[in-house]
Amino acid sequence: MTKKFYITTAIDYVNAEPHIGHAYQKIVADTLARWHRLLDEDVFFVTGTDEHGKKVQRAAENTGKSPKEFVDDVSKKFKDAWTALNINPDRFIRTTDEDHKKVVQEFIKKCDKTGDIYKGEYKGLYCTDCEAYFTEKDAPNFQCPTHKRPLENLKEETYFFKLSKYQKFLLDLYKKNPKFILPKERRNEVINRIKEGLKDLSITRTSFKWGIPFPLDNKHITYVWFEALINYYTATREKGKEKFWPADVHILGKDNTWFHCVYWPAMLKSAGIKLPKTIFNHGFLTFNGEKISKSLGNAISPKTLAEKYSADTIRYFALRQFPFASGEDGDFSEKALIDRHNNELANKLGNLISRVSTLTEKYGLEKTTIKKLKIFPTKRKVEKHLENFEIDKALNEIFAFIDKCNEFVQKQKPWETKDKKVLYELANAIKDFTILLSPFIPGTCEKIAKTFNFKIDIKELNNPIKVSKIKKSDILFKKI
RNA sequence: AGCGGGAUGGAGCAGUCUGGAGUGCUCGCGAGGCCCAUAACCUCGAGGUCGGUGGUUCAAAUCCACCUCCCGCUACCA
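Note that this is a predicted model, so its numbers are computed, not measured. (Residues numbered from 1 in each chain as written. Chains lettered and ligands numbered in written order. Predicted model: local features only at pLDDT ≥ 70, side-chain atom pairs only at ≥ 80, totals over all residues. Heavy atoms only, no water.)

A few words on the protein's contact with RNA strand B. Around RNA strand B sit 46 residues in total, of which Gln25, Asp255, Asn343, Lys348 and Asn351 are the nearest. Of all atoms in RNA strand B that approach within 4 Å of the protein, 68% are sugar or phosphate atoms. Within the contact set of RNA strand B, a base oxygen lies 3.5 Å away from a backbone nitrogen or oxygen of Gly350. Within the side chain of Ser354, an N or O atom sits 3.1 Å from a sugar or linking oxygen of RNA strand B. When residues of the surface near RNA strand B are traced back to their parent elements, those giving at least two are α1 (20-38), β12 (249-253), α12 (334-363), α14 (391-412) and α15 (414-417). (Near = heavy atom within 4 Å. Polar contact = N/O pair within 3.5 Å; in protein donor to acceptor, adjacent residues only side chain to side chain. Helix = DSSP H or I, 4+ residues; strand = E, 2+ residues; numbered from the N terminus.)

Further remarks concern the pairing of strand β13 (residues 278-282). Counted residue by residue, β13 has five buried out of five residues, so it is predominantly covered. In β13, alternate side chains face the same way, and those of Thr278, Phe280 and His282 on one face and Ile279 and Asn281 on the other are all buried. The pairing of β12 with β13 spans five bridges and is classified as parallel. Pairing of Val249 across the sheet is with Thr278, part of β13. (Buried < 20%, exposed > 50% of the residue type's maximum accessible area, 1.4 Å probe, protein only. Pairing = 2+ DSSP bridges.)

Scanning all chains against the criterion turns up 25 aromatic pairs. Judged by centre distance (4.6 Å) and plane angle (35°), the ring pair of Phe280 and Phe389 falls under tilted. On the criterion of sequence distance, the pair formed by Phe280 in strand β13 and Phe389 in the loop between α13 (376-387) and α14 is long-range, its members being 109 residues apart. Phe389 carries the same exposure label as Phe280, and that label is buried. Residues Phe317 and Phe322 carry aromatic rings whose centres are separated by 5.8 Å and whose planes lie at 75° to one another, so their mutual orientation is edge-to-face. Residue Phe322 is classed as buried on the basis of its relative accessible area, which comes to 4%. In textbook terms, an aromatic cluster arises when at least three aromatic residues are bridged by ring pairs, as seen for Tyr6, Phe44, Phe107, Tyr232, Tyr233, Phe244, Trp245 and Trp264. Here Lys254 stacks its cationic end above the ring of Phe284, 5.3 Å away from the centre of that ring. (Phe/Tyr/Trp six-rings, centres within 6.5 Å; stacked < 30°, edge-to-face > 60°. Lys NZ or Arg CZ within 6 Å of the ring centre and 35° of its normal.)

The interhelical angle for the contact between α12 and helix α16 (residues 420-437), taken along N-to-C directions, is 140°, at an axis separation of 10 Å. Taken together, the axes of α12 and α16 are oblique relative to one another. In this structure, α12 crosses over α16, and the sense of that crossing is left-handed. Of the residues in α16, those touching α12 at Leu349, Leu352, Ile353, Val356, Leu359, Thr360 and Tyr363 are Lys420, Leu423, Leu426, Ile430, Phe433 and Leu437. Partitioned by chemical class, the residues of the contact of α12 with α16 number eleven nonpolar, one polar and one charged. (Axes fitted to C-alpha atoms, helices over the stretch in contact; angles between N-to-C directions. Parallel < 35°, antiparallel > 145°, perpendicular 65-115°, else oblique. Left-handed = near helix turned anticlockwise from the far one by under 90°. Contact = heavy atoms within 4.5 Å. Nonpolar A, V, L, I, M, F, W, Y, C, P; charged D, E, K, R; others polar.)

Its location among the elements puts Thr49 in strand β3 (residues 42-50). A distance of 2.6 Å separates polar atoms of two side chains, one belonging to Thr49 and the other to Glu51. There is a polar contact of 2.9 Å between the side chain of Thr49 and the side chain of Ser75. The residues contacting Thr49, other than those within four sequence positions of it, are Ile11, Asp12, Val14, Ser75, Phe78, Phe92, Ile93, Arg94 and Thr95.

Let's shift gears to empty space enclosed by the protein. One pass over the full model with this rule turns up one cavity of 30 Å³ or more. Estimates place the volume of the largest cavity at around 50 Å³. Lining the largest cavity are Tyr24, His282, Gly283, Phe284, Leu285, Phe322, Pro323, Phe324, Gly327, Glu328, Asp329 and Gly330. Among the residues forming the lining of the largest cavity, the class breakdown is six nonpolar, four polar and two charged. (1 Å grid on protein atoms, 1.4 Å probe; cavity = no way out; pocket = protein on both sides within 12 Å on 5 of 7 lines; lining within 4 Å. Points joined across faces, edges and corners; volume = space filled by probe spheres on them.)

This brings us to the state of the cysteines. Within this structure, the stated rule accounts for zero disulfides. In this structure Cys261 is not part of a disulfide, and its nearest cysteine sulfur, from Cys111, lies 18 Å away. The thiol of Cys445 is not disulfide-bonded; the next cysteine sulfur, from Cys405, is found 13 Å away. Given a relative accessible area of 0%, Cys445 falls into the buried group. (Disulfide = S-S within 2.5 Å.)

A few words now on the layout of surface pockets. By volume, the second largest pocket amounts to about 690 Å³. At the level of secondary structure, the elements contributing two or more residues to the lining of the second largest pocket comprise β1 (4-9), α1, α6 (184-195), β13, α13 and α14. Its residues assigned to classes, the lining of the second largest pocket comprises twelve nonpolar, four polar and 13 charged.

Two faces make up the sheet, and in a regular strand the side chains alternate between them. Of all five residues making up β12, five are buried, and the element is well covered by its neighbours. The alternating pattern of β12 places Val249, Ile251 and Gly253 on one face and His250 and Leu252 on the opposite face, and all of these are buried. Note that β1 and β12 share three bridges and pair parallel. Bridge pairing in β12 places Ile7 opposite Val249. Each parallel crossover has a hand, and the one from β12 via helix α9 (residues 257-271) to β13 is right-handed. (Right-handed = clockwise from strand over helix to strand, strands pointing away.)

Next up on the list: the packing of helix α2 (residues 54-63) against helix α3 (residues 67-84). Where α2 contacts α3, the two axes come as close as 9 Å, and the packing angle between them is 95°. In terms of their interaxial angle, α2 and α3 are classed as roughly perpendicular. Here Val56, Ala59, Ala60 and Thr63 of α2 lie close against α3, whose contacting residues are Pro67, Phe70 and Val71. Residues that form the contact of α2 with α3 fall into these classes: six nonpolar, one polar and no charged.

Right, let's get into the nonpolar core. In this structure, Phe332, Leu349, Phe433, Leu437 and Phe452 are the most contacted members of the largest nonpolar core, which totals 96 residues. Ranked by residues supplied to this core, first place goes to α16 with eleven residues. Contacts of Leu437, omitting those with residues within four sequence positions, involve Leu349, Leu395, Ile398, Phe399 and Cys445. (Core = buried A, V, L, I, M, F, W, Y, C linked by side-chain atoms within 4.5 Å.)

Below, the structure written as C-alpha cells:
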C-alpha cells in the first residue's frame, strides 16, 4: 500500500489581491507536494479561496458587482497567479463551492448532536470591518482601534460553540503530540494563551446574508472562520478522496495560528472527526524591506514578478532564501533575488549544464561505474531536511552537490582529455541532482531531463543514465 | 510603554534550540589556474577579541544573568 500525503495551505480571503506573501506559502506547499509525489506517495494538495463574510459583501457592493461575480473575479486572480508560478494543486477549493456548503451544514449538525451548540445573546461594540466585537477597554472612545471608526452597539441573537469545554482536551493534545503545532515557539504561545481560559465562540451572524445558511436556524449565517476551516475536510469528501483525511500538514501564516490550533481541533473533536497531524505556522515576508501592504502600494503581484523573472527563479529564491522551518519573518528583496539568480542558478547550475552538454555533444558518452559523484548521501540529507520543513537547507545540499560537479569538471579537464567516461559520470550526476531538484524548480528540471534524455523519477536514481546523443542545451537562466 | 526581532571578517546572511578548534553561504578585495562553458568554472589568500560585562563548564558565537545599541509591530493581510 502506498503512503498517502495530504497537504493544504491557508485559503486566501478574497477582499484583496494576491501578493508575494501568499505566493510564498503556496510555493512551499507545492514543493512539498511534489517531493512526496516524487517519493511515489499518493499525494493530495489543496489550496483555494475564502469567499464569504460581510467584508466581501461590502467590497462587492462598492464595485457594483454581485457578491458572486466579485468573488469569481478575485478567486480567479489567485488561481492564475498560482498557475504562473507552476503551482499545481489537485483541487482549488472555494468556500462558495456547493459541496463545501453541504459539508459545513452536516458538520454543524454533528457538533449540535454532541451538544456543543447553543443559542444565546451576544452584546457588545461591533466593528463591521473587523467583524468582531470589542470591549470598552480595548476600544477607547467607542472607536475601533484598527479602523478608527465608531463602533456599533449591537445586541445579537447568536449561536455559540462550546469551545470552553475543550480547554483540557487541547492542552493534552499538544502535550501528547509535540508535532501538532510547529514550530514549537508557536506551540508555547498557544499553550500560554489557552491557560488564560477559553470562551465559547459565537458562530453565527444575522447582520448580512453573504454566507452559508446556518442549518439549525435559517435566520442565521455561519460565521466565516467557523465555516472556512472546514474546507480542508470538504476536499476529502469527494468520491475517492476520503482516504486522504486526516490531513498530514496544514501550512499557514502565523496570524492564522489561533484559529487552526485551537478552534479547528476542537471543532473536529466535537464533530467526531480525526484530527490533522501537523499545523505548520510560518513567518511573514516583507518586500524590499517594507511590510507588504496595499496602502504602501508595494503589494506587487506574484504574476507580475513571475513575468519579470521566471517562475523557477521566484520559486528558487523563495525556497532558498528563508529559513521556513524557523517560522521567522524574512525579506523578499529583488536585489537578493537577482543575486541568487545570477550566482546560483545561472553561474553554478546553468553554466554546468551548458558546459557539460556542449562537451557531450562534441565527444559523446561511454558507460562506466560511478566513482566520485554519488548522490545518495545528498539524497538522505535532502530527505531529512524536508521532513523537518528545512527547505532552504535541502536546497543548499543539492547545490553543494552541484559545486562538486563543477569541481570535478575542472579537475578532470574533459575538454582536454576527451574522456567519455568522465562525461558519463557528469551526465549521470546531472540526472541525479535534477531528479532531487525537480520539486523545487520543476520547469527547469524538465528542460535538463530533455537535454540529457532521462526520466524524472526517483527510481532512476538507481539506474545509471543511458548512453545517448546529447545536444548542447539552451541557456537555462540568463543573467540579469 | 507593551510585544517581537536583531548585533558573526568590507557588505548581506546562515550557524545558536541539541556547547566541542571561528565553521559555512552570497557579494566585494588580492593572487594564480583554466580556456569546455552563460566574462562563466576551479584553487589559494587577506580580513573577525561572533555587541559588552560577569557566570556555568575540561570546553561558550552557542547555556544563564545583567548591560549597551539598532530595528520592526501595536493598520488590512499569508
